Amino acid sequence: MQNSNTRRRPRTAVLGLGATAVSLALALTACSGSSTPGSSSSGSAASKDFSIAFIPKQLNNPYTDVELSGGTSAAKAVGATSSIVGPNDASASSQVSYINTLTQKRVKVIAIAANDPNAVCSSLNQAKAAGAKIITFDSDANCRSIFINQVESKDVALVELKQLHEQLPDGGQIAILSATANATNQNTWIQFMKDELKSNADYKNLDLVTTVYGDDDDTKSFQAAQGLLKSYPNLKGIISPTTVGIAATARYLSKSQYKGKVALVGLGLPKQMRAYIKDGTVKGFALWDPSQIGEAAVYAGKALVAGTITGKEGDSFDAGDLGTLKVGAKGTVIVGPPIEFTADNIDKYHFDDNL
Ligand code: RAM
């Protein structure tokens, strides 16, 4: 699970600028009467040559806050103007109007975590035609120059199945509780899980009975977890490859008769999951430092604007603390391998401490 990119910063680094700073920026912009709802900006005194706007899947998501804290810090470091705009719900149609506004504003780089691989493309193509460079991060779309993917997508599937299998050596019924039905990142990871379940003999006793969607909404995800156990009383394990989903599912399990009996793995933020590891609801989960995605997006955008890369395989660019990053197959940049969290190491990780 290694990648060829060279890294300078240790993975356990604590963020200097966290979600609090992002929220503060949001509040300040709201006070100054921004015409765009759900937006923030920084670096106004910085270089006019390079402006980057981030459109996350949704704003009210702690994962997004950590990602964008990395983007905002990196933009400041390179003297770029940065802004954050986006919807409160993780839907593609809500993202389109933000793309169109950014196109009119002639932003140099649009970095988007797409809520659908195709539905955002018509407006992104218009932005491209108007001169913007398009980067996807976190969740890909079929119309960009570069996709900043934190980890190899298959590695996400492998680590989650490994962690689940360790807890369920004898197998049993399992389910997936995902984000939205069209999310490119979750759907890619789920497809790799399905392929692995079919092809890996170790997993022949794991029976995937259903996939449900909590739409990266805490309440919906909680109810989806509750519904799963109601519909499948013999369920032995849940994989939730979304930070919102795994936290809501852990909260449900921790107060239910299923605590410690139904295994839960997936992708979670350390601070959100720490209590559930300590009280025995969860034995292990995985993630990466989300701030590195935002950071990598800024440096990729800078290189695209400067014309030193185009996004083709083999391109490479300086990414500050992250070292030199390489563009791999299909214009994808992989920042690093996934990290597995357990009771033994959970206290070493603090990506989301400022949330
Ligand atoms: C949620 C979002 C995001 C995903 C993380 C792991 O916060 O769905 O896109 O990358 O989980």
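Remember, predicted model here, so these are calculated numbers, not experimental data.

K.L.:
Looking at this structure, how should I read the site of the ligand?
P.N.:
Lys57, Asn61, Tyr63, Asp138, Asn185, Gln186, Trp189, Asp216, Thr242, Thr243 and Leu267 make up every residue found near the ligand. Here an oxygen atom of the ligand and a side-chain polar atom of Lys57 are 2.9 Å apart. One of the side-chain N or O atoms of Asp216 is found 2.5 Å from an oxygen atom in the ligand. Among the elements that line the shell around the ligand, the one with the most residues is helix α6 (residues 184-199), at three residues. When the residues that make up the shell around the ligand are grouped by side-chain class, the tally is three nonpolar, five polar and three charged. Per-domain counts for the shell around the ligand show at least three residues from each of domain 1 (17-150 + 289-335) and domain 2 (153-287).

K.L.:
What is the right way to read the state of the cysteines from this model?
P.N.:
Disulfides are covalent bonds that link the sulfur atoms of two cysteine residues. In total, this model carries one disulfide according to the counting rule given. Here Cys121 pairs with Cys143 through a disulfide, and the sulfurs are 2.1 Å apart. Since a negative S-S torsion denotes a left-handed disulfide, the Cys121-Cys143 link at about -85° is left-handed. With a gap of 22 residues between them, Cys121 in helix α4 (residues 121-129) and Cys143 in the loop between β5 (133-137) and β6 (146-149) connect regions that are remote in the sequence. Look at Cys143 and you get buried, because its relative accessible area is 6%.

K.L.:
Just checking my understanding: could you explain the environment of Tyr232 for this structure?
P.N.:
With respect to the helices, strands and loops of the structure, Tyr232 is situated in the loop between α7 (218-231) and β9 (237-240). Note on Tyr232: relative accessible area 26%, which makes it partly exposed. Setting aside chain neighbours within four positions, we find Tyr232 in contact with Gln173, Val209 and Thr210.

K.L.:
Would you explain the confidence of the model for the chain in this entry?
P.N.:
Parts of the model with low pLDDT should not have their predicted coordinates read in detail. Averaged over all residues, the pLDDT of the chain equals 89, while 86% of them reach at least 70. Mean pLDDT in the chain bottoms out at helix α1 (residues 19-31), which sits at 30, and peaks at β9, which reaches 99. Contacts from residues 43-47, a stretch scored under 50 in pLDDT, to residues over four places away or in other chains number seven contacts.

K.L.:
Would you mind showing me how to read the packing of helix α3 (residues 92-104) against α4 here?
P.N.:
Two numbers describe a pair of packed helices, the interaxial angle and the distance between the axes. In the contact formed by α3 and α4, the axes pass within 9 Å of each other and the chain directions differ by 10°. As far as their axial angle goes, α4 and α3 are roughly parallel. Contacts between α3 and α4 involve Val96, Ile99, Asn100 and Thr103 on the former and, on the latter, Ser123, Leu124, Gln126 and Ala127. Partitioned by chemical class, the residues of the contact of α3 with α4 number four nonpolar, four polar and no charged.

Basis of the calculations
Residues numbered from 1 in each chain as written. Predicted model: local features only at pLDDT ≥ 70, side-chain atom pairs only at ≥ 80, totals over all residues. Heavy atoms only, no water. Near = heavy atom within 4 Å. Polar contact = N/O pair within 3.5 Å; in protein donor to acceptor, adjacent residues only side chain to side chain. Helix = DSSP H or I, 4+ residues; strand = E, 2+ residues; numbered from the N terminus. Nonpolar A, V, L, I, M, F, W, Y, C, P; charged D, E, K, R; others polar. Domains from an automatic or database assignment. Disulfide = S-S within 2.5 Å. Buried < 20%, exposed > 50% of the residue type's maximum accessible area, 1.4 Å probe, protein only. Contact = heavy atoms within 4.5 Å. pLDDT = per-residue confidence, 0-100. Axes fitted to C-alpha atoms, helices over the stretch in contact; angles between N-to-C directions. Parallel < 35°, antiparallel > 145°, perpendicular 65-115°, else oblique.

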